[in-house]
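What follows is each chain in one-letter form.
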Amino acid sequence: MLKKKRNTKKLISFVFVLFVLFSLISGIGVGGNAYADTDLSGYTNVMDDLQKDEEFNAAEYPDNKEDYDKSIYAEIANFYSLHVIQIAESTAGGLFVYVYQPAANITPLTATSINMALTDKIGGVLDENTELTDEDSADVYNLIFLNRNSVFAKYKVTNFSVTNGSVRYYNITSIYRVWVEGLDDPTGNDNVIDEVSFRVGKLFTAKTVNGNVSYTCEQKDIVTITDKYVDFLRYKNGVSGVVWARKDYTDSHYVAFSTDWDISNLYDVDVSFIIQPMKAEKSGNLSFPFEAGASSKVTIKVDKEMTGENTPSGWFKSKYYSWERIQSVEAFKADPNNKLEADTKNNLNGKQWVLRFYETDYFVEEHDMYGSLSTTSYTSVKELTILRLHFKSNGVVYNLGVLDNKQSADDKPGNIPDKKTLWDYFIEFCKWLESLTGVSYIIWAIIILAVPLLIAYSILSIFFPPLRKLFTGIWWLIKKFAYGFGWLVSRPFVWIKNR
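Not measured: the values here are computed from a predicted model.

What counts and how
Residues numbered from 1 in each chain as written. Predicted model: local features only at pLDDT ≥ 70, side-chain atom pairs only at ≥ 80, totals over all residues. Heavy atoms only, no water. Helix = DSSP H or I, 4+ residues; strand = E, 2+ residues; numbered from the N terminus. Buried < 20%, exposed > 50% of the residue type's maximum accessible area, 1.4 Å probe, protein only. Contact = heavy atoms within 4.5 Å. Areas by Shrake-Rupley, 256 points an atom, 1.4 Å probe, with all protein chains shown as cover. Phe/Tyr/Trp six-rings, centres within 6.5 Å; stacked < 30°, edge-to-face > 60°. Lys NZ or Arg CZ within 6 Å of the ring centre and 35° of its normal. pLDDT = per-residue confidence, 0-100. Salt bridge = Lys/Arg side-chain N within 4 Å of Asp/Glu carboxyl O. Pairing = 2+ DSSP bridges. Patch = residues over 30% accessible without salt bridge, like charges linked within 9 Å, V, L, I, M, F, W, Y side chains within 5 Å. Core = buried A, V, L, I, M, F, W, Y, C linked by side-chain atoms within 4.5 Å. Polar contact = N/O pair within 3.5 Å; in protein donor to acceptor, adjacent residues only side chain to side chain.

Tallying secondary structure elements over the chain gives 8 helices and 22 strands in all. Classification of the 499 residues of the chain by burial places 42% in the buried group. Put simply, of all contacts in the chain between residues at least 6 apart along the chain, 67% involve residues at least 24 apart. Carbon and sulfur atoms form 57% of the exposed surface of the chain, whose accessible area is close to 27400 Å².

Taken as a whole and judged by the stated rule, the model has 23 aromatic pairs. Ring centres 5.6 Å apart and planes at 70° place the aromatic pair tryptophan 261 and phenylalanine 391 in the edge-to-face group. Placement of the pair is tryptophan 261 in the loop between strand S11 (246-259) and strand S12 (265-283) and phenylalanine 391 in strand S20 (residues 373-393), with a sequence separation of 130 residues. An aromatic cluster is present here, built from Phe56, Tyr61, Tyr73, Tyr100 and Phe152 joined pairwise through their rings. Above the plane of the ring of tyrosine 362 lies arginine 234, whose end atom (NZ or CZ) is 3.5 Å from the centre. Stacked on the ring of tyrosine 176, the Lys or Arg lysine 406 has its end atom at 4.7 Å from the ring centre.

This part takes up the confidence of the model for the chain. In the predicted model, the chain carries a mean pLDDT of 86, and the fraction of residues at 70 or more is 85%. Here residues 1-41 is a poorly scored stretch, pLDDT under 50, and it has 61 contacts once near neighbours within four places are set aside; other chains count.

With that settled, consider the pattern of salt bridges. Pairing is possible between side chains of opposite charge, provided their charged atoms come close. Counted under the stated rule, the structure contains 18 salt bridges. One salt bridge connects lysine 121 with aspartate 136, and the closest N-O pair in it is separated by 3.6 Å. In this pair, lysine 121 sits in the loop between strand S3 (111-117) and strand S4 (124-125) while aspartate 136 sits in the loop between S4 and strand S5 (138-149), placing the two residues 15 residues apart along the sequence. Assessed through its relative accessible area of 6%, aspartate 136 is described here as buried. The salt bridge involving glutamate 366 is made with lysine 247; its shortest N-O contact spans 3.1 Å. Of this pair, glutamate 366 sits in strand S19 (residues 353-366) while lysine 247 sits in strand S11, and the two are 119 residues apart along the sequence.

We now examine the pairing of S12. Inspection of the sheet shows S12 paired to S20 by 17 bridges, in the antiparallel sense. Counted as the bridge partner of serine 283 is leucine 373 from S20. The pairing of S12 with strand S14 (residues 296-303) spans 8 bridges and is antiparallel. When the bridges of S14 are listed, aspartate 270 appears paired with lysine 301. As paired elements, S12 and strand S13 (residues 286-291) share 6 bridges and run antiparallel to each other.

A cluster of nonpolar residues, Val439, Ile442, Ile443, Ile446, Ile447, Val451, Ile455 and Ile459, forms a patch on the protein surface that exposes about 660 Å² of accessible area. Tracing the backbone shows isoleucine 455 in helix H7 (residues 441-463). Look at isoleucine 455 and you get partly exposed, because its relative accessible area is 47%.

Core analysis: the biggest nonpolar cluster contains 45 residues, and Ile114, Phe152, Tyr170 and Ile175 have the highest contact counts within it. What phenylalanine 152 contacts, discounting residues up to four positions off in sequence, is Val46, Met47, Leu50, Phe56, Ala58, Tyr61, Ile85, Val99, Tyr100 and Asn147. The next biggest cluster of nonpolar side chains, apart from the first, holds 25 residues, and it includes Phe257, Ile326, Val381 and Phe391.

Let us look at the side chain of histidine 83. With respect to the helices, strands and loops of the structure, histidine 83 is situated in strand S1 (residues 83-89). Using a relative accessible area of 5% as the deciding quantity, one classes histidine 83 as buried. In this structure the side chain of histidine 83 is engaged in a polar contact, spanning 3.0 Å, whose partner is the side chain of tyrosine 68. Histidine 83 has contacts with Tyr68, Tyr73, Ile76, Tyr98, Val99, Tyr100 and Pro102, leaving out every residue within four places of it along the chain.

Shown next, in the form of structure tokens:
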């Protein structure tokens, strides 16, 4: 019985080994007429894949800084850069990206994501009558590292499936990696660069004919962001609460930037960023922020015809504001509603365009009457990157992918938030009553102010009789003054009537 169990285990082990070997030797075609193939057991080596392409020559890719600086790749980016050299599809519907990493033998630098669109309408001149759809937008696709051989690395695009069309486009504008101190330049302002990007500008086209797949590659024009500043403005919406106050705000997130193109008209833009729900518990002068939910990626298209706004709310509503999504930096700075800080204005200098791409809520719930104990709920917006620009330059319309870093703002608004007095909130409350009843807010203000005075008069006149005489005297003077004022105002009308 024991011998039979051992034989069974050997048979299972033998079958498993055969399964692994079969998986590992499955062929991968790069730039040829076959799909890449993979399964759960593993992936073929990057060098084995690349060498299936007859035009591939490893000697053309320097593995040291001295030779690299003399190569054509040094004209694109520095030694610590990444270069996409090929892509391949898998029979399982996956997409592989093959990357030349010059510094890999000295400083391994791992790619994180790519800026890619599944269209051929990005990368050149666009006819003004061409209508762009959602399918023509760019997005950030995350990469997972599979393996490396010297300066060559293989990645897989995560959460991606190859479509069933006979022609498939992979329009890659740039590739990202994490920013490294000492290798990469900082922003020079209060922003943080999360990831740096490197130019690709290649349109890979996969075609299936009679079951065979072929690949072609062509260079595409791109736009480079030369100067950039990410920030947000905070607008007060209002205040609510019976015992403790709840203060509501709208945070308007924006990015100011310049490019290496002379842009006269900016039509629409694709941007991507990460949002993270947050909370902060405040006690005295100490604040303890923490994550209040899972982060998620947001990719949106912003059109120049769009507008943004805050949402006045609560018992004491604040002023309503609205703004254009796309505007010049000069118009943004000149808007008196923005109330920009001096440092913000300095950080905007030299930029050409402002893109106000997203709004989030900011709530403060106070737990005592002094505001020393409170809970703040807000959304962190980070890793902002511009993916595509649709614009006019020198009379010609272009639709180009964008070379841009992933960059985050600090946690301080770039403007001076509204500071209202208690009297301001009182008048706003009376105006709210006016909107409900049609009765003038002035009448409501007089009524509301008169009620506590009458109550105080009634109480004090009972417990402090001398004060009753004082109030009676004051009331007599007020009546006499009102009578005299009315008589004076009426004299011209009496005179006209008697003529």
